[in-house]
Amino acid sequence: MRKQSVGKIILIYFLKTIGVLALLAGVGLLSYYLTMLYYKQTDKQERSTSYQHVIGVNAGTESSNLIYAYNESDGHITAMLLELFDQDSKNMTYVTVPINMQIEMTQATYAEVLKANTSIPQVVRLGDVPNYFGGDVAYEYGIMILQDAVPVDIGYFTAMPDTKFNVYYEYEAKKPGCYNPTEAFISSMKKCTTKSDMDEMIADLWDEQISDITLSQRQNYSEALSKVNWDFVHIYAMKGSEEDGVFYVNSKKTRKLISDIWESAPYSDAQFESTSTTEEVNEDDQNIEILNGSAIDGLASRYQKDMQSDGLSVVNIGNFTGMKQETTTIYARNVKWAKKKLRSYFPKPKKVIVEHSATLEDGIDVQIILGVDADG
């Protein structure tokens, strides 16, 4: 009996030891599985940490998110929309960005992008920018170049296939140049009445989007987003003009538009507001600078008097600091207006060169550099 008791005791301890070892092994396997699952999910969500950013990514109180729609087959950009969300006022605003916007990069920006791709031209169509770069950072270069033409802060981007974009946003035929949220999108947002609801929706959509912020950074907006009155979303289009299929942004007016959006009181007066992408240009709005490149004394003053007598705004005259100019050149933010309003002042109007420029100094919409041919 004694021997049997000792044997039983040994057997019991043996089985207990096996049980403990099995439990430890199970815990180890479970821990490994959970760790791998965590890293797998983290890898999906935190792709924005896998490359070096070329802009200062900012997911602050004022959320400025440049949304790209792209074709899945070739990656080409099909639409762009600037989402502006103010957590304090709970205002949600969308500003449509024309992909056919032509931008002349400043020398400083051009020098930066040349480090990444030496084949990109200094004058580029905005929608083509991502095609010159590889990876997610391509969308940040789009922000960098857009901010060259429109000096406003854009904090981060979101990119999605155009098939998904078209579920959330639709082109507004009655308001040319504008996209607005679809009824389906607004309906789904209205159902998210708590931070938890919004967190879950953002997480569900995260894998179908590309962004240079993290999921947790996006979810920082969840509580404020859940309090948005989606019946009072405002939509706008960038200020500018279109000619021969090319959009030329009015930098000064677009910057003012966006500044006014940030300063707006909580929306409550209309479901959608918009302005046309193209605009009727009032000649009183065009500030003209005349520089004398002909070396002919008094020529700039002569043209100033002629134009002012016709009601044009000549805000500055002076001498051109470069080489003597034989031919007159007009640099304008709005080429169509310049051709229509200014060429007739010159003795040989057809020889006057009119070029677009987005890099004129603030307060100057047109710069005329007089050549020898202007003395008629």
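Quantities reported herein were computed from a predicted structural model and do not represent experimental measurements. (Residues numbered from 1 in each chain as written. Predicted model: local features only at pLDDT ≥ 70, side-chain atom pairs only at ≥ 80, totals over all residues. Heavy atoms only, no water.)

Visitor: Could you give an account of the overall build of the chain, naming the residues involved and the relevant values?
Guide: Counting its secondary structure elements, the chain contains 11 helices and 17 strands. Considering only contacts in the chain between residues 6 or more positions apart, those separated by 24 or more positions represent 71%. (Helix = DSSP H or I, 4+ residues; strand = E, 2+ residues; numbered from the N terminus. Contact = heavy atoms within 4.5 Å.)

Visitor: Give a detailed account of the sheet that holds strand 16 (residues 353–356), specifying residues and quantitative values.
Guide: Taking strand neighbours across the sheet as the criterion, the five strands line up as 14-13-17-15-16 in an open arrangement whose pairing is mixed. Two strands lie at the open edges of the sheet, namely strand 14 (313–319) and strand 16, each paired on one side alone. The sheet shows a mean angle of 20° between the axes of neighbouring strands, direction not considered. One ladder, built from six bridges, connects strand 13 (residues 287–292) with strand 14; its direction is parallel. Note on strand 14: the bridge partner recorded for Leu291 is Gly318. Running at roughly 155° to strand 16, helix 11 (residues 335–342) makes contact with strand 13, strand 15 (329–332), strand 16 and strand 17 (366–370) of the sheet. (Pairing = 2+ DSSP bridges. Axes fitted to C-alpha atoms, helices over the stretch in contact; angles between N-to-C directions.)

Visitor: Can you lay out the environment of Ser251 for me, pointing to particular residues and giving the numbers?
Guide: Mapped onto the fold, Ser251 is located in helix 9 (residues 251–262). Assessed through its relative accessible area of 9%, Ser251 is described here as buried. On a C-alpha basis, the gap between Ser251 and Gly240 in space is 7.9 Å, while along the polypeptide they are 11 residues apart. A polar contact of 2.9 Å, which involves the side chain of Ser251, links it to the backbone oxygen of Ala149. (Buried < 20%, exposed > 50% of the residue type's maximum accessible area, 1.4 Å probe, protein only. Polar contact = N/O pair within 3.5 Å; in protein donor to acceptor, adjacent residues only side chain to side chain.)

Visitor: Talk me through the packing of helix 2 (residues 107–114) against helix 3 (residues 137–149); I want residue IDs and the actual numbers.
Guide: Helix-helix packing is characterised by the crossing angle of the two axes and by the distance between the axes. Axis separation between helix 2 and helix 3 bottoms out at 10 Å; the angle between their running directions is 165°. For the element pair helix 2 / helix 3, the angle class is roughly antiparallel. Helix-helix and strand crossings are classified by hand; for helix 2 and helix 3 the assignment is left-handed. Residues Thr109, Glu112 and Val113 of helix 2 lie in contact with helix 3, whose contacting residues are Tyr141, Met144, Ile145 and Asp148. When its residues are assigned to classes, the contact of helix 2 with helix 3 shows four nonpolar, one polar and two charged. (Parallel < 35°, antiparallel > 145°, perpendicular 65-115°, else oblique. Left-handed = near helix turned anticlockwise from the far one by under 90°. Nonpolar A, V, L, I, M, F, W, Y, C, P; charged D, E, K, R; others polar.)

Visitor: Which residues make up the packing of aromatic side chains, and what values do they have?
Guide: As enumerated under the stated definition, the model contains 14 aromatic pairs in all. Arranged with centres 4.8 Å apart and planes meeting at 55°, the rings of Tyr68 and Tyr139 form a pair that is tilted. Taken as a pair, Tyr68 in strand 1 (residues 62–70) and Tyr139 in helix 3 lie far apart in primary sequence, 71 residues in all. Grouping residues by exposure puts Tyr68 and Tyr139 together as buried. Ring geometry for Tyr171 versus Tyr179: centroids 5.4 Å apart, planes at 80°, classification edge-to-face. Under the relative-accessibility criterion, Tyr179 is labelled buried at 17%. Site record: aromatic cluster; members linked through ring pairs are Tyr94, Phe165, Tyr168, Tyr169, Tyr171, Tyr179, Phe185 and Trp230. (Phe/Tyr/Trp six-rings, centres within 6.5 Å; stacked < 30°, edge-to-face > 60°.)

Visitor: Any details on the pattern of salt bridges? Residues and values, ideally.
Guide: Considering all chains together, one arrives at 14 salt bridges under this definition. A salt bridge links Lys115 to Glu112, with the shortest nitrogen-to-oxygen separation between them at 3.0 Å. For Asp365, the salt bridge identified is with Lys252, shortest N-O distance 3.8 Å. On the criterion of sequence distance, the pair formed by Asp365 in the loop between strand 16 and strand 17 and Lys252 in helix 9 is long-range, its members being 113 residues apart. Taken together, the shared-partner salt bridges in this structure form one network comprising Lys252, Arg333 and Asp365. (Salt bridge = Lys/Arg side-chain N within 4 Å of Asp/Glu carboxyl O.)

Visitor: Requested: an account of the nonpolar core, with residues and values cited.
Guide: By size, the foremost hydrophobic cluster in this structure holds 46 residues, and its most contacted members are Leu66, Tyr68, Val97, Met101, Val113, Leu146 and Met238. If you list the elements that add at least two residues to this core, you get strand 1, strand 2 (77–86), helix 2, helix 3, strand 6 (156–161), strand 12 (246–249) and helix 9. The element best represented in this core is helix 3, accounting for nine residues. Once residues lying within four places of it in the same chain are set aside, the contact partners of Val97 are Leu66, Met80, Leu81, Leu82, Leu126, Leu146 and Met238. Judged by nonpolar contacts, the second largest core, of 32 residues, contains Met198, Ala224, Val228 and Trp230. (Core = buried A, V, L, I, M, F, W, Y, C linked by side-chain atoms within 4.5 Å.)

Visitor: Tell me about the confidence of the model for the chain, and please be specific about residues and values.
Guide: For the chain, mean pLDDT is 86; residues scoring 70 or higher make up 83% of the total. Segment residues 35–45: pLDDT under 50, and five contacts once partners within four positions in sequence are set aside and those in other chains are kept. (pLDDT = per-residue confidence, 0-100.)

Visitor: Could you give me a rundown of unusual backbone geometry, with the residues and numbers involved?
Guide: The phi dihedral of Lys90 is positive, around 65°, even though this residue is not glycine. If you trace the backbone, Lys90 turns up in the loop between strand 2 and strand 3 (91–96). If you check the backbone angles, Ala295 has positive phi at about 65° while not being a glycine. Assignment of secondary structure puts Ala295 in the loop between strand 13 and helix 10 (299–309). The exposure class of Ala295 is exposed, given its relative accessible area of 65%.

Visitor: Lay out the environment of Met101 with the relevant residues and their values.
Guide: Relative to the elements of secondary structure, Met101 occurs in the loop between strand 3 and strand 4 (102–104). Counting along the chain gives 48 residues from Met101 to Ala149, while the straight-line C-alpha distance between them is 9.6 Å. Apart from residues lying up to four places away in sequence, Met101 is in contact with Val124, Arg125, Leu126, Leu146, Met238, Phe247 and Val249.

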